[in-house]
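One-letter residues, chain by chain:
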Amino acid sequence: MQLGLDFTLVEELVAGVDEVGRGPLCGAVVTAAVILDPARPILGLNDSKKLSEARREALFDEIREKALAWCIARAEVEEIDQLNILHATMLAMQRAVEGLQVTPRLALIDGNRCPKLAVPSAPVVKGDSRVPAIAAASILAKVSRDREMLEMDRLYPGYGIAGHKGYPTPVHLEALQRLGPTPIHRRSFAPVRALLEPVAVDCIAATV
């Protein structure tokens, strides 16, 4: 039974690490690492997916103000296509931990595996619903990526990115079929790759 966040896990110099954006068809995967300050509690922390947008926005500012250290990092679309999404996510998590201005004594990673780090680490399944520092990291990552998707919606109108944030919704898939992939779409993801493969075949045929 899920009893919610365990605030006894707010320990000095323990970093929480989480990611947002593994599933979307476009945009970077964004990660964050947060070391909370036991002397400055933050009320209302939770898995970012369980919070309203307004609450996430408010906590985004409070976390950055009160945390001992925080860092938001990313892996770009080109890195996702080159490495695959799992390895790109691990790279982005590594960058987030390395970017902390305070070195943690332990990094708790949301999920079932850890990136290669210079500090001890441990995976925590459903950590964003259990560990406050991971919940804080999930909020920083999600707000940061959501804001970026709003900007991408302005740059690439017609795809509905502001609404679906890049996830493969029917609206997004229909727009892809109608408009084709943009530079921010992940070429290695099947729905995007399927649209590009006929073009590649046609190019080869034209040279024969």
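The rules behind the values
- Residue indices follow the written sequence of each chain, beginning from 1 at its first position.
- Since the coordinates come from a predicted model, pLDDT governs what is reported: local features require at least 70, and pairs of side-chain atoms require 80 or more to be given and counted, while whole-chain, interface and lining totals use all residues.
- With hydrogens and water excluded, all non-hydrogen atoms of the structure serve as input to the side-chain values.
- Residue-level confidence of the predictor, termed pLDDT, takes values from 0 up to 100.
- For this analysis, residues touch if any pair of their heavy atoms sits within 4.5 Å.
- Every axis corresponds to a line fitted to the C-alpha atoms, with the helix fit spanning only the stretch in contact, and the corresponding angles, defined between N-to-C directions, vary from 0 to 180 degrees.
- Labels follow the DSSP assignment, with helices taken as runs of H or I lasting at least four residues and strands as runs of E lasting at least two, numbered in each case from the N terminus.
- An angle counts as roughly parallel when it lies under 35 degrees, as roughly antiparallel when it exceeds 145, as roughly perpendicular when it falls between 65 and 115, and as oblique in every other case.
- Crossing handedness is defined as follows: a turn of the near helix away from the far one that is anticlockwise and smaller than a right angle gives a left-handed crossing, while the clockwise case is right-handed.
- Residues are sorted three ways: Asp, Glu, Lys and Arg are charged, Ala, Val, Leu, Ile, Met, Phe, Trp, Tyr, Cys and Pro are nonpolar, and all the rest, Gly among them, are polar.
- Expected helix span is given by 1.5 Å per residue-to-residue step, counting one fewer step than there are residues.
- Categorising residues by exposure relies on relative accessible area from a 1.4 Å probe, with only protein chains included: less than 20% of the type maximum marks a residue as buried, more than 50% marks it as exposed, and the intermediate range marks it as partly exposed.
- The definition of a polar contact used here is a pair of N or O atoms within 3.5 Å, where within protein one atom must be able to donate a hydrogen and the other to accept one, and adjacent residues in sequence count solely through side-chain atom pairs.
- Strand pairing is assigned whenever DSSP identifies at least 2 bridges connecting the two strands.
- To qualify as a nonpolar core, a set must consist of buried Ala, Val, Leu, Ile, Met, Phe, Trp, Tyr and Cys residues joined through side-chain atoms within 4.5 Å.

Draft legend 1. Examining the confidence of the model for the protein chain more closely. Here the protein chain averages 92 in pLDDT, and 89% of its residues register 70 or above. Below pLDDT 50 for its whole length, residues 200-206 participates in zero contacts with residues either more than four positions away or in separate chains.

Draft legend 2. Looking closely at the packing of helix 1 (residues 53-66) against helix 4 (residues 132-155). Where helix 1 meets helix 4, the axes come as close as 9 Å, and the angle between the chain directions of the two elements is 120°. By the criterion of interaxial angle, the relationship of helix 1 to helix 4 is oblique. At the point where helix 1 passes helix 4, the crossing takes the left-handed sense. Residues Arg56, Glu57, Leu59, Phe60, Ile63 and Arg64 of helix 1 form the contact with helix 4, whose own contacting residues are Ala136, Ile139, Leu140, Lys142, Val143, Ser144, Asp146 and Arg147. Partitioning the contact of helix 1 with helix 4 into residue classes produces seven nonpolar, one polar and six charged.

Draft legend 3. Main features of helix 3 (residues 85-98). Along its 14 residues, helix 3 runs 20 Å from first to last C-alpha, staying within 8% of the 20 Å computed at 1.5 Å per residue. Of all the residues in helix 3, the buried ones are Ile85, Ala88, Thr89, Met90, Ala92, Met93, Ala96 and Val97. Looking at the buried side of helix 3, the elements it contacts are strand 1 (14-20), strand 2 (29-35), strand 3 (69-75), helix 2 (77-83) and strand 4 (106-110). With a side-chain oxygen positioned 3.1 Å from the backbone nitrogen of Leu86, the residue opening helix 3 is Asn84.

Draft legend 4. Looking closely at the pairing of strand 2. Most of strand 2 sits inside the fold, with seven of its seven residues counted as buried. Of the two faces of strand 2, the one holding Val29, Thr31, Ala33 and Ile35 and the one holding Val30, Ala32 and Val34 are both buried throughout. The pairing of strand 1 with strand 2 spans six bridges and is classified as antiparallel. Looking across to strand 2, one finds that Val20 is bridged to Val30. Pairing of strand 2 with strand 3, which is carried by seven bridges, proceeds in the antiparallel orientation. The residue of strand 3 that forms the bridge with Ala33 is Cys71.

Draft legend 5. Examining helix 1 more closely. Helix length check: helix 1, at 14 residues, gives a terminal C-alpha distance of 20 Å against a target of 20 Å (1.5 Å per residue), a fit within 8%. Those residues of helix 1 that are buried are in contact with strand 2, strand 3 and helix 4.

Draft legend 6. Molecular detail of the nonpolar core. Core analysis: the largest hydrophobic core is formed by 24 residues, its most contacted members being Val34, Leu36, Leu45, Ile63 and Ile139. Only strand 1, strand 2, helix 1 and helix 4 provide two or more residues apiece to this core. Tallying contributions element by element places helix 4 first for this core, with eight residues. When neighbours within four sequence positions are excluded, Ile63 is seen to be in contact with Val34, Ile42, Leu45, Trp70, Ala136, Ile139 and Leu140. Among the nonpolar cores identified, the runner-up in size contains 17 residues, and Cys26, Ala175, Ile184 and Val192 belong to it.

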